Amino acid sequence: AAAAGSGKTAVLVERIIQKLLHKESPADIDSLLVVTFTNAAAQEMRNRVGQALSQALEENPGSHHLKKQLSLLQNASISTLHSFCMEVVRRYAYMLDLDPGFRIADTIESDLIQQEVLEDLFEDWYGKEGEEQERFFDVVDRFSSDRSDLDVEKLVLDLYTFATQNPWPEAWLNQMVEMYEVKEGMGEKELPWLNLLKQEVHSQLKAMEVEAKQFLELTREPDGPYNYGETVDQDLEMIQHAKGALEHSWEELQSYMGESKFAALSRKKMDCDETKK
Ligand SMILES: Nc1ncnc2c1ncn2[C@@H]1O[C@H](COP(=O)(O)OP(=O)(O)OP(=O)(O)O)[C@@H](O)[C@H]1O
Ligand SMILES: [Mg+2]
């Protein structure tokens, strides 16, 4: 990692050349894998390695090794990571049980295939019986609106997309399931998702506290909405109490919130700045 134009490519080219010119064990260019982000960068890399080789050959015109490198250069693996992967998959397609004539689907095509698979899958699950069906219906009930199960389809796709960003999607998915397993005798501190939820609630309560304090200041200004002061004061107290309860335990917060209510603002007429109100 270095600034644009600072010499990254120059350093890489130099390292490649040093490997090719190594005194005891000179490497062949086609035994190296050089990957770049873009096709243009790959082309530039190939050109610059070529130039460096030509220069080395000028200094050492009799070198058979250097002449060989120049001729190997066009077929050397200097490419984007994607084209390298394509080449590997195509070359070893027979080991992967793939048609070597495969091509990469464009996004419209793959979206269509995805949609088709998803629909088939849902149809399949709707046709299940017994416990499996119950479980599926439970998911649909929880995550869809009454009209359609589009939300559930989207959820499955989002989950799929997110999972595939991980190096081991299935392991990641299984790990997610494990997070929800509550074993006997487990304390609330050991529930990973609850800790995330607590952090989220904590930061929201903190933000509410800041707002309530600003609000309270406003009610105390000379032309402020003074009649709201009492309510805001109560709000602030409640928010702070909730924060304290959360630090103690989720259960305590839950029971505190269950028995508390935000008071309504006073409806009494007051003489104050309308904007502040
Ligand atoms: N050590 C150096 N001495 C003299 N010139 C250098 C040196 N390193 C790089 N250069 C020159 O600086 C210019 C930019 O170098 P290079 O292309 O390697 O940078 P880069 O970091 O790869 O740039 P980019 O971010 O655009 O890919 C080139 O003209 C290169 O020849
Ligand atoms: Mg560069």
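Criteria and thresholds
Residues numbered from 1 in each chain as written. Chains lettered and ligands numbered in written order. Predicted model: local features only at pLDDT ≥ 70, side-chain atom pairs only at ≥ 80, totals over all residues. Heavy atoms only, no water. Helix = DSSP H or I, 4+ residues; strand = E, 2+ residues; numbered from the N terminus. Rg over C-alpha atoms; globule rule 2.2 N^0.38 Å. Buried < 20%, exposed > 50% of the residue type's maximum accessible area, 1.4 Å probe, protein only. Contact = heavy atoms within 4.5 Å. Areas by Shrake-Rupley, 256 points an atom, 1.4 Å probe, with all protein chains shown as cover. Lys, Arg positive; Asp, Glu negative; His and termini not counted. Charge placed at Lys NZ, Arg CZ, Asp CG, Glu CD. Core = buried A, V, L, I, M, F, W, Y, C linked by side-chain atoms within 4.5 Å. Phe/Tyr/Trp six-rings, centres within 6.5 Å; stacked < 30°, edge-to-face > 60°.

With respect to the overall build of the protein
Inference 1: The secondary structure content of the protein amounts to 12 helices and 2 strands.
Inference 2: Its C-alpha atoms give the protein a radius of gyration of 33 Å, clearly above 19 Å, the size a compact globule of 277 residues would have.
Inference 3: Judged by the C-alpha coordinates and their principal axes, the protein covers about 100 × 60 × 40 Å.
Inference 4: Within the protein, buried positions represent 25% of all 277 residues.
Inference 5: Partitioning the contacts of the protein with sequence separation of at least 6, the portion at a separation of at least 24 is 56%.
Inference 6: For the protein, the exposed area adds up to about 20800 Å²; of that, 54% sits on carbon and sulfur atoms.
Inference 7: Looking at charge distribution, the protein has the averaged site of its 29 positive side-chain charges lying 8 Å from that of its 52 negative ones.

So, the nonpolar core
Inference 1: The biggest cluster of nonpolar side chains holds 19 residues, and the ones touching the most others in it are Ile16, Ile17, Leu20, Ile29 and Val49.
Inference 2: A total of 6 residues in this core trace back to one element, the largest contributor, which is helix α2 (residues 39–59).
Inference 3: Aside from chain neighbours lying at most four places away, what touches Ile17 is Val49, Ala52 and Leu53.
Inference 4: Judged by nonpolar contacts, the second largest core, of 18 residues, contains Ala212, Tyr228, Ala242 and Tyr256.

Quick word on the packing of aromatic side chains
Inference 1: Under the criterion given, the structure shown has 9 aromatic pairs.
Inference 2: Summarising the aromatic geometry, the rings of Phe122 and Tyr126 are spaced 6.5 Å apart at their centres and angled 65° between planes, so their arrangement reads as edge-to-face. In this pair, Phe122 and Tyr126 are both assigned in helix α6 (residues 107–126), 4 residues apart and thus about one turn of the helix distant.
Inference 3: Take Phe122: its relative accessible area is 5%, and that puts it in the buried class.
Inference 4: Judged by its relative accessible area of 34%, Tyr126 falls in the partly exposed class.
Inference 5: Residues Phe215 and Tyr228 carry aromatic rings whose centres are separated by 6.4 Å and whose planes lie at 80° to one another, so their mutual orientation is edge-to-face.

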